[in-house]
Amino acid sequence: MAGLVHAAGGCLEAELGRLSGVEDNMGVAEREARMTDPEQTSDFVAQAGVDSLAVCIGNVHGHYAGEPRLDFARLAAIRMRVPVPLVLHGASGLPEDMVRRSIDLGVAKFNVNTELRGAYMESLKQSLAKAKPPELVDVMKAAILAMQEVARAKIRLFA
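All values derive from a computational prediction rather than experimental measurement. (Residues numbered from 1 in each chain as written. Predicted model: local features only at pLDDT ≥ 70, side-chain atom pairs only at ≥ 80, totals over all residues. Heavy atoms only, no water.)

**Notes on the overall build of the protein**
Tallying secondary structure elements over the protein gives six helices and six strands in all. N-terminal to C-terminal, the α/β element order of the protein is α-β-β-β-α-β-α-β-α-β-α-α. When its C-alpha atoms are laid out on the principal axes, the protein stretches across 60 × 40 × 30 Å. Within the span of the protein, comprising 159 residues, buried residues form 36% of the whole. (Helix = DSSP H or I, 4+ residues; strand = E, 2+ residues; numbered from the N terminus. Buried < 20%, exposed > 50% of the residue type's maximum accessible area, 1.4 Å probe, protein only.)

Below is the structure:
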């Protein structure tokens, strides 16, 4: 698979471990989640030929049930074993200090789909709650602007 992706000029990201939470209406219960095993990462990256590795260190898809608890010792152990950039799926809602520490330990990409979708849905809700029926074009422009605001803030945070 990696050969085909690279031959087409693409980059390949893989996830090792299993995040709990809900994504696209499909859930993984906390008891079924698996943290990324640092001992498996080097062989996995080499054999799969991936360009980046998404890891599970306590991050979850969707909303966090309480305060996020990331295993930074695990992240540091993974960073020492693999040469590729690391990725955190389920980064929506992570506090700034956790994001900064993750960056320091090699995370180069954060997925924040839940926050983007939340901004979109909240904008739609506000537009549709107005007394005067809104124009579709105006509703969509407002929703896109709301998502762009979140994206701008995240880009600044992740830089």
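Now, onward.
**Regarding the packing of aromatic side chains**
Applying the stated criterion across every chain, the model contains one aromatic pair. For the pair Phe 110 and Phe 158, a centre-to-centre distance of 4.5 Å together with 20 degrees between the ring planes defines the contact as stacked. Within this pair, whereas Phe 110 is found in strand E6 (residues 107-110), its partner Phe 158 is found in helix H6 (residues 136-158), the two being separated by 48 residues in sequence. The exposure class assigned to Phe 110 is buried, which follows from its relative accessible area of 9%. On the basis of relative accessibility, which here comes to 24%, the residue Phe 158 falls in the partly exposed class. (Phe/Tyr/Trp six-rings, centres within 6.5 Å; stacked < 30°, edge-to-face > 60°.)

**As for the pairing of strand E4 (residues 52-55)**
Remember that side chains alternate between the two faces of the sheet whenever the strand is regular. Burial of E4 is two-sided: the residues Ser 52 and Ala 54 facing one way and the residues Leu 53 and Val 55 facing the other way are all buried. Judged from the four bridges that link them, strand E1 (residues 13-16) and E4 form a sheet pairing that is parallel. Bridge pairing links Ala 14 to Leu 53 in E4. The pairing of E4 with strand E5 (residues 86-88) spans two bridges and is classified as parallel. (Pairing = 2+ DSSP bridges.)

**A closer look at H6**
Over its 23 residues, H6 runs 33 Å from end to end, which matches the ideal 33 Å to within 8%, given 1.5 Å per residue. All of the buried residues in H6 are Val 139, Ala 143, Ala 146, Val 150, Lys 154 and Leu 157. Those residues of H6 that are buried are in contact with helix H4 (96-104) and helix H5 (113-128). (Expected span 1.5 Å × (residues − 1). Contact = heavy atoms within 4.5 Å.)

**Some remarks on the sheet that holds E1**
Working definition: the strands of a sheet are paired by backbone hydrogen bonds and lie parallel or antiparallel to each other. With parallel pairing, four strands are arranged side by side in an open sheet as E1-E4-E5-E6. At either margin of the open sheet sits one strand with a lone partner, and together these are E1 and E6. Neighbour to neighbour, the strand axes of the sheet diverge by 35 degrees on average, direction disregarded. Packed on one face of the sheet, helix H2 (residues 38-48) meets E1 and E4 and runs near 150 degrees to E1. (Axes fitted to C-alpha atoms, helices over the stretch in contact; angles between N-to-C directions.)

**With respect to the packing of H2 against helix H3 (residues 72-81)**
With their axes 8 Å apart at the nearest point, H2 and H3 run at an angle of 30 degrees to one another. As summarised for this structure, H2 and H3 are arranged roughly parallel, according to the angle between their axes. Seen along the crossing, H2 lies across H3 with a hand that is right-handed. Taking contact as the criterion, the partners of Pro 38, Glu 39, Thr 41 and Ser 42 in H2 are, on H3, Arg 74, Ala 77, Ile 78 and Arg 81. Classifying every residue of the contact of H2 with H3 gives three nonpolar, two polar and three charged. (Parallel < 35°, antiparallel > 145°, perpendicular 65-115°, else oblique. Left-handed = near helix turned anticlockwise from the far one by under 90°. Nonpolar A, V, L, I, M, F, W, Y, C, P; charged D, E, K, R; others polar.)

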